[in-house]
Amino acid sequence: MRVKVILSLPWIFFVFASCLVLTSCQQQPEVEVKTMEYYLAHDEEREAVLHDCKNKGVSETAETPEARNCRAALNARQHKAHEEAVKGKFEKSDRKTW
């Protein structure tokens, strides 16, 4: 009985290693990386990407296509807000913060 267990251990290891290799080689769906300029021109898509990034918990420092899209969309939102502030589109608030 002990000999059968010892002889079957390499086969168990082989099956486990094969499963590990097969699952790690699965293709991830490609994500098209878009630029800040693209997100400046597409407001609805920019906000949708930012919403998805927040819900999925995408790391801002990661070097994945999803993270690059999140950074581009965030940069576009900040750029747009800066442009609107410079043009004076923001109204002054009566609320006092001090």
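Residues numbered from 1 in each chain as written. Predicted model: local features only at pLDDT ≥ 70, side-chain atom pairs only at ≥ 80, totals over all residues. Heavy atoms only, no water.

Draft legend 1. Looking closely at the pattern of salt bridges. According to the stated counting rule, one finds 7 salt bridges in the structure shown. The salt bridge partner of Arg71 is Glu63, with a shortest N-O separation of 3.5 Å. Assessed through its relative accessible area of 25%, Arg71 is described here as partly exposed. Connected via shared salt-bridge partners are Asp43, Arg46, Glu47, Arg77 and Lys80. (Salt bridge = Lys/Arg side-chain N within 4 Å of Asp/Glu carboxyl O. Buried < 20%, exposed > 50% of the residue type's maximum accessible area, 1.4 Å probe, protein only.)

Draft legend 2. Summary view of the packing of aromatic side chains. Enumeration according to the criterion identifies 1 aromatic pair in this entry. Note on Tyr38 and Tyr39: the rings are 5.5 Å apart at their centroids and 80 degrees apart in plane angle, and the pair reads as edge-to-face. When its relative accessible area of 25% is taken as the criterion, Tyr38 is described as partly exposed. (Phe/Tyr/Trp six-rings, centres within 6.5 Å; stacked < 30°, edge-to-face > 60°.)

Draft legend 3. Quick look at helix 3 (residues 43-56). Over its 14 residues, helix 3 extends 20 Å from the first C-alpha to the last, a length consistent with the 20 Å expected when each residue adds 1.5 Å. Arg46, Val49, Leu50 and Cys53 are the residues of helix 3 that are buried. In a view along the axis of helix 3, the buried residues occupy a sector of 100 degrees, so they form one face of it. Exposed and facing more than 90 degrees away from the buried side of helix 3 are Glu44, Asn55 and Lys56. The inward-facing, buried residues of helix 3 abut helix 2 (36-41) and helix 4 (65-87). Downstream of helix 3 by one or two residues, Gly57 has phi in the positive range, about 70 degrees. (Helix = DSSP H or I, 4+ residues; strand = E, 2+ residues; numbered from the N terminus. Expected span 1.5 Å × (residues − 1). Arc of directions from axis to C-beta. Contact = heavy atoms within 4.5 Å.)

Draft legend 4. Fine view of the state of the cysteines. Counting across every chain of the model gives 1 disulfide. Here Cys53 is linked by a disulfide to Cys70, with a sulfur-sulfur distance of 1.7 Å. The disulfide joining Cys53 to Cys70 has a torsion of about -90 degrees about its S-S bond and is therefore left-handed. On the criterion of sequence distance, the pair formed by Cys53 in helix 3 and Cys70 in helix 4 is long-range, its members being 17 residues apart. This pair shows no difference in class: Cys53 is buried, exactly as Cys70 is. (Disulfide = S-S within 2.5 Å.)

Remember that the coordinates give geometry; whether it matters functionally is a separate question.
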